[in-house]
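Structure assessment
Single-letter residue listing:
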Amino acid sequence: MAKPDQNSVLRQLPFIVGGLGGTLLLINRLLTPQLTESQARSDALGVILSAILILTGLLWQQVQPRSPDAVDLIGEEGFELALGLPETVETELAWASHLLLTNTVTRSLVVFYQGRVLLRRGILGVNPEVKPGAILKRVLDQQKPIYLVDMKLYPGRIEFDYLPENTQGLICQPLGNQGALILGANAPRSYTKQDERWIKGLADKLENTLSQSVQSNVNG
């Protein structure tokens, strides 16, 4: 279920106060049998203040856009690492995933590399396996990220059955041409350009660690 916009009352507050003030001024004027000069000045000032409040409310509607509706993702929270990973890789995966879950809107993430799932963390989907579909294959082939801003608009979302079924937004960030960092959010259109740049930086660092580990295993 979508969570209510917690800022809606604040955005409506100038309208409410301005309208209430104007109404009270009108009632006061109607109930006053004889208008004095000082009251006329006070009424004029009150009308100006009410108009400013209403104008502020109009500006807030433009300056403070409505927050995306967030949902509670369906699934159990967990932290799963593949068996047999080098300690350096485990540490890097744990560190990067923690940063993503605590500093972005990401609520579920999967690290897929060289045909297997290295990490699942956050709210886990029912399916623990990743079978690359058209979208993930495109990310691997072109080595360019794909951001699905609102999952319900994309029929291809069915390939991401390893994420919670009500995931609202998704970023598929390549890890070189060997894998991808797949991030699920609980609100549509919630990743910013800064988030995307930050995710790319983390993915590049993670890919460097993974590729060095693979090379070490080959040389060993």
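Now for a look at the structure at hand.

Criteria and cut-off values
- Residues numbered from 1 in each chain as written.
- Predicted model: local features only at pLDDT ≥ 70, side-chain atom pairs only at ≥ 80, totals over all residues.
- Heavy atoms only, no water.
- Helix = DSSP H or I, 4+ residues; strand = E, 2+ residues; numbered from the N terminus.
- Contact = heavy atoms within 4.5 Å.
- Pairing = 2+ DSSP bridges.
- Axes fitted to C-alpha atoms, helices over the stretch in contact; angles between N-to-C directions.
- Salt bridge = Lys/Arg side-chain N within 4 Å of Asp/Glu carboxyl O.
- Buried < 20%, exposed > 50% of the residue type's maximum accessible area, 1.4 Å probe, protein only.
- Core = buried A, V, L, I, M, F, W, Y, C linked by side-chain atoms within 4.5 Å.

A short note on the side chain of Asn186
Structurally, the position occupied by Asn186 is in the loop between β6 (179-185) and α5 (193-219). Excluding its chain neighbours within four sequence positions, the residues that come into contact with Asn186 are Asp69, Ala70, Val71, Leu73, Val105, Arg107 and Gln168.

Focus on the sheet that holds strand β4 (residues 146-148)
The strand order β1-β3-β2-β6-β5-β4 describes an open sheet built from six strands, whose pairing is antiparallel. Every interior strand has two partners, whereas the edge strands, β1 (76-81) and β4, have only one. Across the sheet, the mean angle from the axis of one strand to that of its neighbour is 15°, orientation sign disregarded. In the sheet, β4 pairs with strand β5 (residues 169-175) via three bridges, with the strands oriented antiparallel. Each residue of the ladder has a partner; that of Leu148, found in β5, is Leu170.

Some details on the pattern of salt bridges
The final tally for this structure, using the stated rule, is five salt bridges. Residue Lys205 is joined to Glu92 by a salt bridge in which the shortest nitrogen-to-oxygen separation is 2.9 Å. Of this pair, Lys205 sits in helix α5 while Glu92 sits in helix α3 (residues 87-103), and the two are 113 residues apart along the sequence. One salt bridge in this structure joins Asp150 and Arg189, with 3.4 Å as the shortest N-O distance. One end of the pair, Asp150, is in the loop between β4 and β5; the other, Arg189, is in the loop between β6 and α5, with 39 residues separating them in the sequence. By relative accessible area, Asp150 is classed as buried at 4%. Take Arg189: its relative accessible area is 52%, and that puts it in the exposed class. Salt bridges here are not isolated pairs; linked through shared partners, they connect Asp150, Lys152 and Arg189.

What about the nonpolar core?
Ranked by internal contacts, the top residues of the largest apolar core, which has 22 residues, are Leu93, Val111, Leu118, Leu175 and Leu181. Ranked by residue count, the leading element in this core is α5, at five residues. Ignoring anything within four residues of it in the chain, the contact list for Leu175 reads Val111, Phe112, Tyr113, Ala180, Leu181, Ala203, Leu206, Glu207 and Leu210. Judged by nonpolar contacts, the second largest core, of 18 residues, contains Ile146, Leu148, Leu170 and Cys172.

A closer look at the environment of Glu76
Within the secondary structure layout, Glu76 lies in strand β1. Here Glu76 falls in the exposed class, since its relative accessible area comes to 64%. Each C-alpha atom of the pair Glu76 and Ile123 lies 5.4 Å from the other, and the pair is 47 residues apart in sequence. With residues near it in sequence (within four places) discarded, Glu76 still touches Gly122, Ile123 and Leu124.

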